[in-house]
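# Observations on the model geometry
Here's the letter readout for the chains.
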Amino acid sequence: MTEDLDLDHVLRHLVEAARALVDAHFAALGVLDDHGKLGRFIHIGMPAELVSRIGHPPRGLGVLGAVLSGETIRLEKLQEDPRSVGAPVDHPAMQAFLGVPITIQGSTYGALYLTNPSAEAFTAEDELLIGALAGTAATAISNAQLYEQTRRAKELHSTLSDVTTKLLAVEDGEVFGVLAHSLVSLLDAQLVLVSVAESVGKALYVDTARGEGAAQIEGSQVPWMDCVLSRAMEGERGITTVQDGEPNPFTDDLPNASMIAVPLSVSGERVAALCATRSERDPSFTHDDLDLLGEFANQANLAIALAWARADRLRMEMVAERARIARDLHDHVIQKLFATGLELQALASTDPQLTETLGPHVRRIDSAITDIRTAIFALQTQASADEIRHRLLEVITEISPSLPSIPRMTFTGPVGLILDGALADDVVAVLRESLTNVARHANARTIEVEIAASDTHIAITVDDDGVGPPSEPSRSSGTRNLTARAQDHGGEFTLSARSPRGTRALWKVPISPGRLR
């Protein structure tokens, strides 16, 4: 047992050794979690189908809890002890019982439980043997824990190096995605999400999610509530387990989840919260996991700052390049075309027969000059339009692999001049959510998307030729989120049938006067 440095293997070997030492039929090891409750329960002696029928493992009550408090207990008849709380339905009968606590550096780590020896009862010698084994186990567990800490520190360093490399190579909008993807494997999490809020007390918005169920969670919005996620937005890291009963902001999509969350600060400014979840079928998060996530957030902030600074520099370089091209077009190309036009006009004036021949060429030169001036204006003023169009097209690229064909997308009106800030973020999220819903439910062959803007409203229309909307009103998180986002801007979201088949999703919000600039 002391030769192994893998904690899970050490604990399993410990249970097997205890059972063999005293020739018991059943043996188990209970491990306390960070809250002083029975967090893990490793047992041998019962077939898997019986364990499945019994259901939830023991919670550390009665005699089991007494051992966890540091007391060695040896009983001939377990049921006759006044502390006994009985066994679940289908659990095999247990007679003689021996429980020995495992203490590490003065604190109870867990306890060994043995029942039904081959003899009628456990002896004092059995108690001494298991006590000696528990002492040896304490050393082995301590070594395994130190090894695990070293391994995780090494893995953290490797992950952070990989994250830094990736962050310096991605676009600005992909930074949170890189963080979340790396944390899924680092924390062995079911799901990792990055949440933001306009301010403390405002609705929580999931900017990015990676892992199991990410498509349902990403882009969702929930009211502010007292939970680990909102406290992380306020600057306080936290942990909650399945048994804590603390409010879960994503009850519909992540029932009974163990969660940890820490604030994410960049250059001294708190910008988001990192949150990881595990389902009830997985071990609950520990304070070691929380420390690991906190250390990741602390060290990743420099890489994020560098990535954002790089993105800002690239944008400035693009703006400078646009300005240079605009100057060259104005100072050189237009002047040369203008001079050529004047020369042709002068030539035409010398011979009336040339006027009819050269006139169309002069008009085409004038038209080219007008087009170039329009291009110069676009280069100088429409960087924001290119940015939002780029973000929307990125969503198409992201979702297309899960669709039967690449959606046809059109832009109508001054989309780039209207969409910015929170409204632009919502439009990107609405498009992602709508296409995800088509991929999950529509069974469509073709999809068409139109982003239309005017001086009164912005509308996103997603048409498909699938099975059509459900006959009963949908209560899925996807349609709830779309409706909530529209209502936040004073608009509406509708889902209607198309003829002869398919669905139209229309998200439409009004534009405040003066927004078009």
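Now for a look at the structure at hand.

Calculation rules
- Residues numbered from 1 in each chain as written.
- Predicted model: local features only at pLDDT ≥ 70, side-chain atom pairs only at ≥ 80, totals over all residues.
- Heavy atoms only, no water.
- Helix = DSSP H or I, 4+ residues; strand = E, 2+ residues; numbered from the N terminus.
- Buried < 20%, exposed > 50% of the residue type's maximum accessible area, 1.4 Å probe, protein only.
- Contact = heavy atoms within 4.5 Å.
- Pairing = 2+ DSSP bridges.
- Core = buried A, V, L, I, M, F, W, Y, C linked by side-chain atoms within 4.5 Å.
- Salt bridge = Lys/Arg side-chain N within 4 Å of Asp/Glu carboxyl O.
- Axes fitted to C-alpha atoms, helices over the stretch in contact; angles between N-to-C directions.

This next bit is on the overall build of the protein chain. Scanning the protein chain from N- to C-terminus turns up 13 helices and 16 strands. Sorting the 517 residues of the protein chain into buried and exposed places 41% on the buried side. Taking all contacts inside the protein chain whose residues are at least 6 apart in sequence as the whole, residues at least 24 apart take part in 62%.

In this section: the pairing of strand 10 (residues 258-266). Here strand 10 lies mainly inside the structure; eight of its nine residues are buried. Taken together, the three bridges between strand 9 (residues 238-240) and strand 10 define a ladder with antiparallel strand orientation. In the sheet register, Gly238 faces strand 10, and the bridge partner there is Ala261. Relative to strand 11 (residues 269-278), strand 10 is paired through nine bridges, and the arrangement is antiparallel. Each bridged residue has a counterpart across the sheet, and for Pro263 the counterpart in strand 11 is Ala273. Linking strand 10 to strand 11, which pair antiparallel, is a turn of two residues; within it Ser267 sits at a positive phi near 55°.

The next subject is the nonpolar core. Leu167, Leu179, Leu187, Leu274 and Phe296 are the most contacted members of the largest nonpolar core, which totals 36 residues. Among the secondary structure elements, those contributing two or more residues to this core are helix 4 (124-167), helix 5 (175-186), strand 6 (191-196), strand 10, strand 11 and helix 8 (287-350). Top element by residues in this core is helix 8. It accounts for nine residues. Leave out the neighbours within four places in its chain, and Phe296 touches Leu156, Thr159, Leu160, Val163, Leu179, Leu183, Leu186 and Leu274. Of all hydrophobic cores here, the second largest spans 34 residues; its members include Leu431, Val449, Ala486 and Trp507.

Burial of the side chains of strand 16 (residues 503-510) is restricted to one face: Thr503, Ala505, Trp507 and Val509 are buried, whereas none of Arg504, Leu506, Lys508 and Pro510 on the reverse face is. Examined bridge by bridge, strand 14 (residues 457-464) and strand 16 share eight bridges and lie antiparallel to one another. The residue bridging Ile458 from the neighbouring strand is Val509, located in strand 16. Summarising the sheet, strand 15 (residues 492-497) and strand 16 pair through six bridges and their orientation is antiparallel. Its bridge partner being in strand 16, Thr494 is matched across the sheet by Leu506.

For the rest of this paragraph, the subject is the pattern of salt bridges. Using the criterion set out here, one finds 14 salt bridges in the structure. A salt bridge links Glu218 to Arg210, with the nearest nitrogen and oxygen atoms 3.1 Å apart. Classification of Glu218 as buried rests on a relative accessible area of 10%. Two residues, Arg432 and Glu398, come together in a salt bridge whose shortest N-O distance is 3.2 Å. Residue Arg432 is located in helix 12 (residues 421-442), and its partner Glu398 is located in helix 10 (residues 383-399); the two are separated by 34 residues in the primary sequence. What makes Arg432 buried here is its relative accessible area of 17%.

Moving on, we come to the environment of Ser195. Structurally, Ser195 can be placed in strand 6. A residue is classified by how much of its surface remains accessible, and Ser195, at 0% relative accessible area, is buried. With 19 residues separating them along the chain, Ser195 and Phe176 place their C-alpha atoms 9.7 Å apart. Filtering out sequence-adjacent residues up to four positions away, Ser195 remains in contact with Leu204, Tyr205, Val206, Asp207, Leu229, Met233, Ala272 and Ala273.

What follows concerns the sheet that holds strand 14. What the five strands build is an open sheet, ordered 12-13-14-16-15; its pairing is mixed. Only two strands of the sheet have a single neighbouring strand rather than two, namely strand 12 (408-412) and strand 15. Ignoring which end each strand starts from, the neighbouring axes of this sheet average 10° apart. Relative to the sheet, helix 12 contacts strand 12, strand 13 (447-453), strand 14 and strand 16, its axis offset from that of strand 14 by approximately 15°.

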